[in-house]
Amino acid sequence: MPPQRWVHAIEHGAAAFLFNPCADSNEIENFKKLAKNCLRRHVITPFNHLPEGELFNVVTFGCKLKLNTIKNNENKIIDYLRRHAIKEGPEFHIAEDGDYKFGLLEKAKILTDLADSKICPFN
């Protein structure tokens, strides 16, 4: 996914879950599950330009959580999302999906409501 797509999503309050495609496949799957179970407004995409030593990033408007592993960092990710996702970004109040669908593999599910009023509701 081109960066301008996920950057636009974070302007709407989304969290971009970026991962190095060479990271451990089990870690990538856990990262994806966490994203899907925490908020509807998210983007998950491989990103070849993460700095060395950073296999995973969670990016929200103006903030970034850098990780080299998901294992034992799940609560750190959840805390980060609860502090930074949804309520930041110049267009965060616009919760509806846009029209861009190219490359979309799976439509995000509503976990609490369209506005994601509760982040990571199952944790």
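Okay, so let's go over this structure.

### Describing unusual backbone geometry
- Of note, Asn72 is a non-glycine position whose phi angle comes to about 70 degrees, a positive value.
- Here Asn72 lies in the loop between strand S4 (63–67) and helix H3 (74–84).
- The class for Asn72 is exposed, based on a relative accessible area of 69%.

### A short note on helix H1 (residues 3–11)
- Of the residues making up H1, those classed as buried are Trp6, Ala9 and Ile10. The arc that holds the buried residues of H1, viewed along the axis, is 95 degrees, so those residues lie on one side.

### Re the pairing of strand S1 (residues 15–19)
- The element S1 is extensively covered by neighbouring structure, given that 5 of its 5 residues are classed as buried.
- Side chains Ala15, Phe17 and Phe19 of S1 all project onto a buried face; the interleaved residues Ala16 and Leu18 project onto the opposite face, where all are buried too.
- In this fold, S1 hands off to helix H2 (residues 25–38), which returns the chain to strand S2 (residues 42–46); that crossover is right-handed.
- With 4 bridges connecting them, S1 and strand S3 (residues 56–60) associate as antiparallel partners. By the bridge assignment, Phe17 is partnered in S3 with Val58.

### What to know about the sheet that holds S2
- Within the open sheet, the 4 strands sit side by side as S2-S1-S3-S4. Their pairing is mixed. Strands at the two margins of the open sheet, each flanked by one partner only, are S2 and S4. Recorded for the sheet is a direction-independent mean angle of 15 degrees between the axes of neighbouring strands.
- Bridge analysis of S3 against S4 gives 5 bridges, and the strand direction is antiparallel. In the sheet register, Asn57 faces S4, and the bridge partner there is Lys66.
- Of the strands in this sheet, S1, S2 and S3 are in contact with H1, which crosses S1 at around 145 degrees.
- Contacting S1, S3 and S4, H3 runs over the sheet at an angle of about 175 degrees to S4.

### Digging into the packing of aromatic side chains
- Summed over the entire model, instances satisfying the criterion amount to 3 aromatic pairs.
- Ring geometry for Trp6 against Phe47: centres 5.6 Å apart, planes inclined by 85 degrees, an arrangement best described as edge-to-face. With Trp6 in helix H1 and Phe47 in the loop between S2 and S3, this residue pair connects regions lying 41 residues apart in the sequence. Per residue, the accessibility class of Trp6 equals that of Phe47, and both read buried.
- Arranged with centres 5.2 Å apart and planes meeting at 65 degrees, the rings of Phe17 and Phe31 form a pair that is edge-to-face.

Definitions and limits used
Residues numbered from 1 in each chain as written. Predicted model: local features only at pLDDT ≥ 70, side-chain atom pairs only at ≥ 80, totals over all residues. Heavy atoms only, no water. Helix = DSSP H or I, 4+ residues; strand = E, 2+ residues; numbered from the N terminus. Buried < 20%, exposed > 50% of the residue type's maximum accessible area, 1.4 Å probe, protein only. Arc of directions from axis to C-beta. Right-handed = clockwise from strand over helix to strand, strands pointing away. Pairing = 2+ DSSP bridges. Axes fitted to C-alpha atoms, helices over the stretch in contact; angles between N-to-C directions. Contact = heavy atoms within 4.5 Å. Phe/Tyr/Trp six-rings, centres within 6.5 Å; stacked < 30°, edge-to-face > 60°.

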